[in-house]
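Overview (structure and organization)
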Amino acid sequence: MNKHKKPGNIVSKVVIYIALIVLAISIIVPVAWVFMASFKQNSEFIGEGTNPWALPKKWFVQNYQVAFQDAQMGEFLFNTIVVTVLSLILILVIALPAAYVLSRFKFRGNKILNIIFMAGLFINVNYIVVPIFLMLSDWDTALGFQFFLDNRFILALIYASCHLPFTIYLLSSYFKTLPRGFEEAAYIDGCSYFKTMVKIMIPMAKPSIITVLLFNFLTFWNEYIIAYTLMDEHGTLAMGLKNLMAVERTATNYGIMYAGLVIVMLPVLIFYICVQKRLTEGMTLGGLKG
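Calculation notes
Residues numbered from 1 in each chain as written. Predicted model: local features only at pLDDT ≥ 70, side-chain atom pairs only at ≥ 80, totals over all residues. Heavy atoms only, no water. Phe/Tyr/Trp six-rings, centres within 6.5 Å; stacked < 30°, edge-to-face > 60°. Lys NZ or Arg CZ within 6 Å of the ring centre and 35° of its normal. Helix = DSSP H or I, 4+ residues; strand = E, 2+ residues; numbered from the N terminus. Polar contact = N/O pair within 3.5 Å; in protein donor to acceptor, adjacent residues only side chain to side chain. Contact = heavy atoms within 4.5 Å. Axes fitted to C-alpha atoms, helices over the stretch in contact; angles between N-to-C directions. Parallel < 35°, antiparallel > 145°, perpendicular 65-115°, else oblique. Nonpolar A, V, L, I, M, F, W, Y, C, P; charged D, E, K, R; others polar. Salt bridge = Lys/Arg side-chain N within 4 Å of Asp/Glu carboxyl O. Buried < 20%, exposed > 50% of the residue type's maximum accessible area, 1.4 Å probe, protein only. 1 Å grid on protein atoms, 1.4 Å probe; cavity = no way out; pocket = protein on both sides within 12 Å on 5 of 7 lines; lining within 4 Å. Points joined across faces, edges and corners; volume = space filled by probe spheres on them.

1. A short note on the packing of aromatic side chains
All told, the structure shown has 17 aromatic pairs when counted by the stated rule. When the centroid spacing of 5.1 Å and the interplanar angle of 65 degrees are considered together, the rings of Trp139 and Phe148 count as edge-to-face. Clustering of aromatic rings is evident, with ring pairs tying together Tyr100, Phe105, Phe175, Tyr187 and Tyr193. The ring centre of Phe45 lies 5.9 Å from the NZ or CZ of Lys40, which sits over that ring.

2. As for the side chain of His163
Examined against the element boundaries, His163 turns out to sit in the loop between α6 (152–162) and α7 (164–177). From its side chain, His163 meets the backbone oxygen of Tyr159 in a polar contact 3.0 Å long. Beyond its immediate sequence surroundings of up to four residues, His163 is in contact with Ile91, Asn216, Thr219 and Phe220.

3. What about the packing of helix α3 (residues 73–104) against helix α9 (residues 193–204)?
Running from amino to carboxyl end, α3 crosses α9 at an angle of 100 degrees, the nearest separation of the two axes being 12 Å. In terms of orientation, α3 lies roughly perpendicular with respect to α9. Here α3 contributes Leu96, Pro97, Tyr100 and Arg104 to the contact with α9, which in turn contributes Tyr193, Thr196, Met197, Met201 and Ile202. Among the residues making up the contact of α3 with α9, the classes are represented as seven nonpolar, one polar and one charged.

4. Considerations on the pattern of salt bridges
Throughout the structure, instances matching the rule amount to two salt bridges. A salt bridge links Arg180 to Glu183; its shortest N-O distance comes to 3.9 Å. Taking the relative accessible area as the measure of exposure, Glu183 reaches 3% and is therefore buried. One network of salt bridges, with partners in common, ties together Arg104, Arg180 and Glu183.

5. Some thoughts on the layout of surface pockets
Taken as a whole, the second largest pocket holds about 300 Å³ of empty space. Contributions of two or more residues to the lining of the second largest pocket are made by α6, α7 and α10 (206–222). Among the elements that take part in the lining of the second largest pocket, α10 stands out by supplying three residues, more than any other. A class-by-class count of the residues in the lining of the second largest pocket yields eight nonpolar, six polar and no charged.

Listed below in structure tokens is the structure:
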């Protein structure tokens, strides 16, 4: 029986490996091409006989200097880092206790709260960005000075609040799969509810926490519509990239445009590489425990 299954298993493995190789090539090649293009001069993009796949004749690092200095991409990068880090901290501080309580405790109103958070999954924040802007604008008018608009902390707070339903849903789904024996042992040892959550349950939920961090990081880092509506002087990287693309496209400075793309992509790639190993290890350990 096993001998008859071997050819089929081999074919399925070959198909899977081919699909993975094609997927990897489709991701790596564009990223590598943009990286190489960011070091090229305009003469390597325009004119007869130019090869778009050729390596740069000279590594023209001035493209990055112009992007950081003239286009102020450094300031946009700093604003994006501040907003993203604040958003992730806020969303974890709020979502972790909420997800733990909703998934592990039974109390009056538990089902209603779960339904409310589930309903939040179907709200597209892009549809309510104008009411949010009008509300913040009215609050600034009542204060007599600008505080809520063009404020990095307020933008981070809005990001976190808009993604709370998804984060709580994902974390609570994972908390429900954890065995209750760990909590019971902690209570016997004298641990409080809070200490049990912090010392035992949250470390066990590390794979889901890393997944939440990855998804939310990508969303916050690349978000444009809310930032463009609410921010002005403290714009994010997506706003700076749009301005850079508009200016340099008119001036046909393609190398500077690609340098701006690399500035946006590189932190995402670094963050993904840092969390990917931990995510894989956590999922493997979770599977072994299960």
